[in-house]
Amino acid sequence: MTEPASNIRINGQRLWDSLMDMAKIGPGVRGGNNRQTLTDSDKQGRDLFTKWCEHQGLTMGVDSMGNMFARRDGTDPDALPVMLGSHLDTQPTGGKYDGVLGVLGALEVIRTLNDLGIKTKHPIEIVNWTNEEGTRFAPAMVASGVFAGIHAQDWAYDRTDADGLRLGDELERIGYKGDEPVGKRKMHAFFELHIEQGPILEDENIDIGVVTHGQGLKWIQITLTGKESHTGSTPMPKRINAGLGMARVTELVNEIALAHGPNGVGAIGHLELYPNSRNIIPGRTVFTVDFRHPDKASLEQMDAKLRAGAEKIAAEIGLGIEIEQTGGFDPVTFDEGCVTAVRNAAESLGYTHRNIVSGAGHDACWINRVAPTSMIMCPCVDGLSHNEDEEISKEWATAGADVLFHAVVEAAQIVE
Ligand code: HGY
Ligand code: MN
Ligand code: MN
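These remarks concern the structure in this document. (Residues numbered from 1 in each chain as written. Chains lettered and ligands numbered in written order. Predicted model: local features only at pLDDT ≥ 70, side-chain atom pairs only at ≥ 80, totals over all residues. Heavy atoms only, no water.)

**Topic: the coordination of the manganese ion (ligand 2)**
Here's step 1: Those donors, H87 (NE2), D98 (OD) and H194 (NE2), are the protein atoms that reach the manganese ion (ligand 2), and they lie 2.1 to 2.3 Å from it.
Here's step 2: Written as a sequence motif, the donor arrangement for the manganese ion (ligand 2) is H-x10-D-x95-H.
Here's step 3: The metal-metal distance between the manganese ion (ligand 2) and the manganese ion (ligand 3) is 3.5 Å, with D98 coordinating both. In this pair, D98 sits in the loop between β3 (82-86) and α3 (100-116) while H194 sits in strand β6 (residues 189-195), placing the two residues 96 residues apart along the sequence. (Donors = N, O, S within 2.8 Å, 3.2 Å for Na, K, Ca; no water. Helix = DSSP H or I, 4+ residues; strand = E, 2+ residues; numbered from the N terminus.)

And the structure:
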C-alpha cells in the first residue's frame, strides 16, 4: 500500500462553502445556529447532508437512534470501514462549526478522494451522530452512547424535552428512526475533527491539536423543594426559599471547581425555578451541575464535596433535596495508533501541532470504547464556543480537514 502523497490537499473553499450553506439551516438570532436535535431544522440539515452524500455516490444508512452512516466502498468488501464524523445538531445559541466541521470536513475528504479517483482497501463511512449536544434531550452524546453500549436504547427513547416530548417519538416524527439496529456496524477506526472550543491553540498560534485525552464529565441534577409563599407578607424566619438554596449551591460549585484547579471546572447551565413569579418565594428549583476534570479521582472528589455541601445547605434552610447523576463519563485516553496517525499527518503536511486534552465532551469519547479512536482539533477565535459568535478561519478549517484526510487515508490504505 502506498502512503497518500503529502502534497494532496482538500479543497478548503468547497469545505467553507458547505459550512456556510449548512449554517443557513436553523439560523440563530445573532449569526450562529439553533438547529437542536430532532427538530424540523435538524431534519432539514440531515436531508441536505444526505443529498450531498448521494451526489458523491455514497450509500446512506440510518440506525435506530438516527445515527447516519454515508459509505464509500473499499476494494476489500470484508474490511471494516474507517469512520469519520461528528454531529450536525447545535446548541440553542450555538455556533456554525461545533460538530458541523467534523461532519462536513469528512464529506470534503470523500469529495477529494473522488476528485482524485483514489481507491482504498477499507471502506470509508462518514457519521452524523444524533443528539451530541444533550440540550433538548439530556444527556449529551446520547446516541453514540447507545451505539457504544453505554445506554439502553429504550432509556434513550424515553428521554423527554421541556415540553414532555419523547426522543423516540421525535426521531420517528422527523423520519430518521432507521431500521438498522444501533451498534450493529463495526469499524476499523474512528476519527473526529472538531474545533477546540478553548483558547490554547489560538493563544499559542498552533494549527492542529493532536487530542491524546478527553477530560471526564459529571452532570448532577439537584432538586430543592421549599415552600411557595408571599414575598411581601411572609416573615423572613418563616421562609423556606428554594431559590436561596440554589444560589448557595451555585457559589459552592464555583468554590469546589476553583479548589480543584487549574484543571477542575464547574458551572450550572440548566436551571428551572418554580413557579417563577415575581412575588412568590420559589417553592422548587431543578438545576444541573456540570463538573469536569481530566483526573477521575479529582472528579469523584468534586462530586462528593458537592453532595455533602448541598445536603448541608438544604438542611440549614429546611429544604427537601434530591440528587441524581443525569450524565457523565470517565476521562478518556485515545488510541495511541490513531493519535500517532494524526500527529504524523500534521507533521508531513507541515502544520504546527501540539498534544491537547479535550475540555469538551465528544462522540469520540464514547466510540473510543468500541474502536481505535482519536480526534483532531483546530483553533477557534478567542476559544469561544456554545455562543453564536463562535468563529474559525477558513485556513484553520482547511488545515484540520487536510490532517483528517491524511490520517483517514493512511488508516484506510490506498490501493493502486
Ligand atoms: O457538553 C459537551 O462537552 C459537548 O459540547 N456536548
Ligand atoms: Mn461538539
Ligand atoms: Mn457542543
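**So, the site of ligand 1**
Here's step 1: The full set of residues close to ligand 1 is E132, E133, A140, R292, A360, G361 and H386.
Here's step 2: At 2.6 Å, a side-chain N or O of R292 approaches an oxygen atom of ligand 1.
Here's step 3: A distance of 2.7 Å is found between an oxygen atom of ligand 1 and a backbone nitrogen or oxygen belonging to G361.
Here's step 4: When ligand 1 is considered free in solution it has 210 Å² of accessible area, and contact with the protein chains removes 95% of it.
Here's step 5: For the shell around ligand 1, a count of residues per class yields 2 nonpolar, 2 polar and 3 charged. (Near = heavy atom within 4 Å. Polar contact = N/O pair within 3.5 Å; in protein donor to acceptor, adjacent residues only side chain to side chain. Areas by Shrake-Rupley, 256 points an atom, 1.4 Å probe, with all protein chains shown as cover. Nonpolar A, V, L, I, M, F, W, Y, C, P; charged D, E, K, R; others polar.)

**With respect to unusual backbone geometry**
Here's step 1: Of the consecutive residues G261 and P262, the connecting peptide bond is found in the cis state with omega at 0 degrees.
Here's step 2: With respect to the element layout, P262 can be found in the loop between α8 (242-259) and β9 (265-274).
Here's step 3: Cis rather than trans, the peptide bond between Y274 and P275 has omega equal to -5 degrees.
Here's step 4: With respect to the helices and strands, the residue P275 is situated in the loop between β9 and β10 (284-293).
Here's step 5: Here N205, not a glycine, exhibits a phi torsion of approximately 55 degrees, which is positive.
Here's step 6: Assignment of secondary structure puts N205 in the loop between α7 (200-203) and β7 (208-214).
Here's step 7: Residue classification places N205 among the exposed positions, given a relative accessible area of 65%.
Here's step 8: In the Ramachandran plot, Q413 falls in the positive-phi region, its phi being about 65 degrees despite a non-glycine side chain.
Here's step 9: The topology assignment puts Q413 in the loop between α12 (394-412) and β15 (414-415). (Buried < 20%, exposed > 50% of the residue type's maximum accessible area, 1.4 Å probe, protein only.)

**Focus on the coordination of the manganese ion (ligand 3)**
Here's step 1: Protein coordination of the manganese ion (ligand 3) is provided by D98 (OD), E133 (OE), E133 (OE) and H386 (NE2), with donor distances spanning 2.1 to 2.5 Å.
Here's step 2: Residue classification places E133 among the buried residues on the basis of a relative accessible area of 6%.
Here's step 3: The exposure class assigned to H386 is partly exposed, which follows from its relative accessible area of 41%.

**Some words on the sheet that holds β10**
Here's step 1: Here we have 4 strands laid out as an open sheet, ordered β9-β10-β8-β11, and antiparallel in their pairing. The open sheet has two free edges, formed respectively by β9 and β11 (320-329), since each of these has just one partner strand. Direction aside, the axes of adjacent strands within the sheet are offset by 15 degrees on average.
Here's step 2: Note that β9 and β10 share 9 bridges and pair antiparallel. Paired with A267 across the strands is D290, a residue of β10.
Here's step 3: Lying over the sheet, helix α9 (residues 296-317) contacts β8 (216-225), β9, β10 and β11, oriented at roughly 5 degrees with respect to β8. (Pairing = 2+ DSSP bridges. Axes fitted to C-alpha atoms, helices over the stretch in contact; angles between N-to-C directions. Contact = heavy atoms within 4.5 Å.)

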